[in-house]
Amino acid sequence: MSHVIHIWEHAPLTSFADADQLHARLSRQSAPPNPKFGQLAQGLLRVFPHAPHGTTSSPWTAGPPDGGGAQAVWALGIDARQLDRVLPELVEQAIALGLTVYDGASGEAFL
């Protein structure tokens, strides 16, 4: 089962409600590729390498993270069984890059 985390770069927010509204607006926008998304993908792959399809060691549900495309919001699929292991590292690296991590399913935003 997949759990989708959304990541974007924007001025700091103060609450989940603000993040929720911004996510709704940004997710409809295209944008040039964000180099910080690529940096985050590389950092995550150093800690959690992608394993071949069919193995249980890779936390990535849609192949290795690539840093998204021409979108303002990068949607990253994580195996829900490994979320507790991956999320803390993801949040730490993203915040160091000035990115917001939004988990709408659990009602959390790391600003």
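Let us look at the structure shown here.

Some remarks on the sheet that holds strand S1 (residues 2-8)
Inference 1: Here we have four strands laid out as an open sheet, ordered S2-S1-S3-S4, and antiparallel in their pairing. Looking at which strands have only one partner, the edges of the open sheet turn out to be strand S2 (73-79) and strand S4 (108-110). Going from strand to strand, the sheet's axes swing by 25° on average, the running direction of each strand aside.
Inference 2: Here strand S3 (residues 100-103) pairs with S4 via three bridges, running antiparallel. Considered in S4, the bridge of Asp 103 is made with Glu 108.
Inference 3: Those strands touched by helix H2 (residues 35-47) are S1 and S2, and its axis lies near 15° from that of S2.

Looking at the environment of Pro 32
Inference 1: With respect to the secondary-structure elements, Pro 32 resides in the loop between helix H1 (16-26) and H2.
Inference 2: Residue classification places Pro 32 among the exposed positions, given a relative accessible area of 66%.
Inference 3: Measuring from C-alpha to C-alpha, the distance between Pro 32 and Ala 70 comes to 4.9 Å, with 38 residues separating the pair along the chain.

A word on the environment of Pro 65
Inference 1: Within the secondary structure layout, Pro 65 lies in the loop between H2 and S2.
Inference 2: Once the C-alpha coordinates of Pro 65 and Leu 45 are considered, the two residues, 20 residues apart in sequence, prove to be 7.4 Å apart.
Inference 3: With residues near it in sequence (within four places) discarded, Pro 65 still touches Ala 41, Leu 45, Trp 60, Trp 74 and Leu 76.

Some words on the packing of H2 against helix H3 (residues 83-96)
Inference 1: It is at 10 Å that the axes of H2 and H3 come closest, and there the two elements cross at 145°. Classified by chirality, the crossing of H3 by H2 is right-handed. Across the interface between the two elements, Leu 40, Gly 43, Leu 44 and Val 47 of H2 pack against Glu 89, Leu 90, Gln 93 and Ala 94 of H3.

Cut-off values and rules
Residues numbered from 1 in each chain as written. Predicted model: local features only at pLDDT ≥ 70, side-chain atom pairs only at ≥ 80, totals over all residues. Heavy atoms only, no water. Pairing = 2+ DSSP bridges. Helix = DSSP H or I, 4+ residues; strand = E, 2+ residues; numbered from the N terminus. Axes fitted to C-alpha atoms, helices over the stretch in contact; angles between N-to-C directions. Contact = heavy atoms within 4.5 Å. Buried < 20%, exposed > 50% of the residue type's maximum accessible area, 1.4 Å probe, protein only. Left-handed = near helix turned anticlockwise from the far one by under 90°.

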